[in-house]
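Breakdown of the fold
Chain by chain, the residues run as shown.
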Amino acid sequence: MAISVQWDNPEKTAVAIVYQRPWTWQEFDSAVGQMLALFNTVNHQVDVIFDIRSGGFPPPDAIRRFKKVAGIQHANGGLLVFIAPTGLVRFINSMVTIITRAFQGSGSFEAPNFVFTKSPEEAHAYLLKKRAAKTV
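Please read these numbers as outputs of a predicted model, since none were measured by experiment. (Residues numbered from 1 in each chain as written. Predicted model: local features only at pLDDT ≥ 70, side-chain atom pairs only at ≥ 80, totals over all residues. Heavy atoms only, no water.)

So, about the overall build of the chain. When you go through the chain residue by residue, the secondary structure sums to four helices and five strands. Starting at the N terminus, the α and β elements of the chain follow one another as β-β-α-β-α-β-α-β-α. Over its C-alpha trace the chain gives a radius of gyration of 15 Å, about what one expects of a compact globule, namely 14 Å for 136 residues. With the C-alpha coordinates of the chain rotated into their principal frame, the extents come out at 40 × 35 × 30 Å. By the burial criterion, 37% of the 136 residues in the chain qualify as buried. Within the chain, counting contacts between residues at least 6 apart in sequence, those at least 24 apart form 79% of the total. When the accessible surface of the chain is summed, it comes to about 8100 Å², and 56% of that surface belongs to carbon and sulfur atoms. (Helix = DSSP H or I, 4+ residues; strand = E, 2+ residues; numbered from the N terminus. Rg over C-alpha atoms; globule rule 2.2 N^0.38 Å. Buried < 20%, exposed > 50% of the residue type's maximum accessible area, 1.4 Å probe, protein only. Contact = heavy atoms within 4.5 Å. Areas by Shrake-Rupley, 256 points an atom, 1.4 Å probe, with all protein chains shown as cover.)

To continue, consider unusual backbone geometry. Here the amide bond leading from R21 into P22 is cis, since omega sits at -10°, within 30 degrees of zero. In this structure, K12 is a non-glycine residue whose phi angle is positive, near 60°. Examined against the element boundaries, K12 turns out to sit in the loop between β1 (3-7) and β2 (14-20). Phi is positive for D61, which is not a glycine, with a value near 80°.

Let's shift gears to the side chain of E27. Checked against the element boundaries, E27 lands in helix α1 (residues 25-39). For E27, which is buried and forms no salt bridge, the nearest opposite charge comes from R65, at a distance of 11 Å. Among the polar contacts listed, one links the side chain of E27 to the backbone nitrogen of A2, at a separation of 3.5 Å. Dropping the residues within four chain positions of it, E27 is found in contact with M1, A2, I3 and P22. (Lys, Arg positive; Asp, Glu negative; His and termini not counted. Salt bridge = Lys/Arg side-chain N within 4 Å of Asp/Glu carboxyl O. Polar contact = N/O pair within 3.5 Å; in protein donor to acceptor, adjacent residues only side chain to side chain.)

Following this line, the structure appears as structure tokens:
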């Protein structure tokens, strides 16, 4: 499967979703379902690390599909961290800007709060820092 979903650590505080090109919307939908199923197995916040370095650009219809998923609210959902190459970061930021402008004033879209890092180590360091700040 081109998109894998698994716990990132034994404490089950983060889910790792790793993309390999080419991937399909069917695989994407399955990965979202798997992520939500993992969320349902715990009673605490779960962060998500999306490793899209080898995922390439998304298939057609990305704006509508990502908007739909960005609207998912789960009680255990936490921070979103993307591990991505610079070109893909620019694409994603552009997409969020386009969606935000398209729905401006309608109240039907709120830009997701996520962070980009360049490596798994940076993603883990960011999450550790954020978790530590919550306990202080």
